[in-house]
Amino acid sequence: MSDEITVVKCGGGLSAHRETICQDLAAVAAGGPVVLVHGGAAQLDELAAQLGVPQRRLRTPGGSSSRYTDPATLDVLLMTMAGRVKPALVASLSRHGARPMGLTGMDAGLVTARRAGAHKAVVDGRTRMIRDDHSGRIHAVDPGPLHLLLDVGLLPVLSPPALGTEGEPVNVDADRIAAAVAGALAERRPVRLVLLTSAPGVLRDPEDPGSLLPRLTVSAGSLGEADARGGMTAKLQAARAALDSGVSQVVVADGRITHPVREALAGAGTRIEKAAPFESGNV
Ligand SMILES: Nc1ncnc2c1ncn2[C@@H]1O[C@H](COP(=O)(O)OP(=O)(O)O)[C@@H](O)[C@H]1O
Ligand SMILES: CC(=O)N[C@@H](CCC(=O)OP(=O)(O)O)C(=O)O
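Residues numbered from 1 in each chain as written. Chains lettered and ligands numbered in written order. Predicted model: local features only at pLDDT ≥ 70, side-chain atom pairs only at ≥ 80, totals over all residues. Heavy atoms only, no water.

Participant: Now, about the site of ligand 1: what can you tell me, with residues and values included?
Facilitator: Close to ligand 1 lie 17 residues; Lys-9, Thr-197, Leu-203, Asp-227 and Lys-235 are nearest. Within the side chain of Lys-9, an N or O atom sits 2.9 Å from an oxygen atom of ligand 1. The backbone of Leu-203 places a nitrogen or oxygen atom 2.8 Å from a nitrogen atom of ligand 1. Taking 570 Å² as the accessible area of ligand 1 by itself, protein coverage stands at 73%. Sorting the residues of the shell around ligand 1 by element identifies β13 (191–197) and α6 (230–244) as the ones contributing at least two each. No other element matches the three residues that α6 contributes to the shell around ligand 1. Across the shell around ligand 1, the residue classes tally to seven nonpolar, five polar and five charged. (Near = heavy atom within 4 Å. Polar contact = N/O pair within 3.5 Å; in protein donor to acceptor, adjacent residues only side chain to side chain. Areas by Shrake-Rupley, 256 points an atom, 1.4 Å probe, with all protein chains shown as cover. Helix = DSSP H or I, 4+ residues; strand = E, 2+ residues; numbered from the N terminus. Nonpolar A, V, L, I, M, F, W, Y, C, P; charged D, E, K, R; others polar.)

Participant: Hey, could you go over the pairing of strand β2 (residues 34–38) for me, with residue numbers and the actual values?
Facilitator: Among the five residues that make up β2, five are buried, leaving the element largely enclosed by the rest of the structure. Here β2 shows no split at all, with Val-34, Leu-36 and His-38 on one side and Val-35 and Val-37 on the other all buried. Relative to β2, strand β1 (residues 5–10) runs parallel, the two sharing five bridges. By the bridge assignment, Val-7 is partnered in β2 with Val-35. Between β1 and its parallel partner β2, the chain crosses via helix α1 (residues 18–29), and the hand of that crossover is right-handed. Inspection of the sheet shows β2 paired to strand β10 (residues 155–159) by two bridges, in the parallel sense. Looking across to β10, one finds that Val-37 is bridged to Leu-158. (Buried < 20%, exposed > 50% of the residue type's maximum accessible area, 1.4 Å probe, protein only. Pairing = 2+ DSSP bridges. Right-handed = clockwise from strand over helix to strand, strands pointing away.)

Participant: Give me the side chain of Ser-92: which residues, what numbers.
Facilitator: By secondary structure assignment, the location of Ser-92 is in helix α3 (residues 71–95). Other than its neighbours up to four places away in sequence, Ser-92 contacts Arg-18, Glu-19 and Cys-22. (Contact = heavy atoms within 4.5 Å.)

Participant: Explain α3 residue by residue, including any values.
Facilitator: For α3, which comprises 25 residues, the first-to-last C-alpha distance of 35 Å matches the rise-based estimate of 36 Å (1.5 Å per residue) to within 8%. Restricting attention to buried positions, one finds in α3 the residues Thr-73, Leu-74, Val-76, Leu-77, Thr-80, Met-81, Val-85, Lys-86, Leu-89, Ser-92 and Leu-93. Immediately downstream of α3, the backbone of Gly-97 shows phi near 95 degrees, a positive value. (Expected span 1.5 Å × (residues − 1).)

Participant: Quick rundown of the sheet that holds strand β6 (residues 111–115)? Include the residues and the values.
Facilitator: With mixed pairing, four strands are arranged side by side in an open sheet as β9-β6-β11-β12. Of all strands in the sheet, those with a lone pairing partner are β9 (136–141) and β12 (169–170), marking the two edges. Both β6 and β9 contribute to a ladder of five bridges, which runs antiparallel. Note that in β9 the partner of Thr-112 across the bridge is Ala-140. Of the strands in this sheet, β6 and β9 touch helix α5 (residues 174–185), which is tilted by about 20 degrees from β9. (Axes fitted to C-alpha atoms, helices over the stretch in contact; angles between N-to-C directions.)

The following block contains the structure:
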């Protein structure tokens, strides 16, 4: 058994590949500790449509866009993560011989977050003061309960939401949870992080699948030479945060192939590296 912890994040866009991902995860977990962090943005949109809960985006003056987690959407988030996506992963991992344990960031206060305060944002083309957005930023991860679960051979399956300062659920990005969990676990043991997604890795040009970068160097002021858009920008920010907190290896890799985790650990996808301090500049 290896002592090194493998944290794997799997986005909701990979649901069609759940069975192969879980089979591979179970094989990796047979040789060493594994934590699975999952998202489910696509499944949240799907359930919201079924329930008739309209989904809106918040746009900051800077141009970035995020989900408007109003109270009804927060309910849908809880139902999606704890009621649909997680049980499907737990069932599949169990079928493949692992011992998964489903958790959200709220359980045991594993992931705590601060809700965004009242802020101005553009919604449906109009600038408004937003007061009921239940999303926020991660404040801390308590790695203690995760170490305990790993020590008895369980495979934690963790997702948003996190626990807010008032004891309420707070929506946080799953890539961010994966990075923060990996960083917190790395205080005690070596940790590697695999971010599985629906692309071959990080592409220099997102329109050109042949432009895969085997390595990408990020620094305090730059996310490297790739033209990263949307979700990939968030993933690279999370990867950089993980490296900053002592995670030894971060890979962004394809979740759609037969052995996605083992391939990523063997060199597939894009390995994210931190620039040496003299390279990082001050941009
Ligand atoms: N430079 C890039 N390389 C690869 N994918 C990119 C890039 N820029 C944008 N993308 C897009 O980002 C997506 C990954 O982000 P996202 O959909 O949020 O992932 P996930 O749901 O797996 O967390 C890719 O599937 C791709 O469509
Ligand atoms: C604050 C925030 O953006 N939360 C995400 C949580 C789900 C997620 O991250 O899912 P994927 O990994 O499938 O993208 C959301 O509401 O979509």
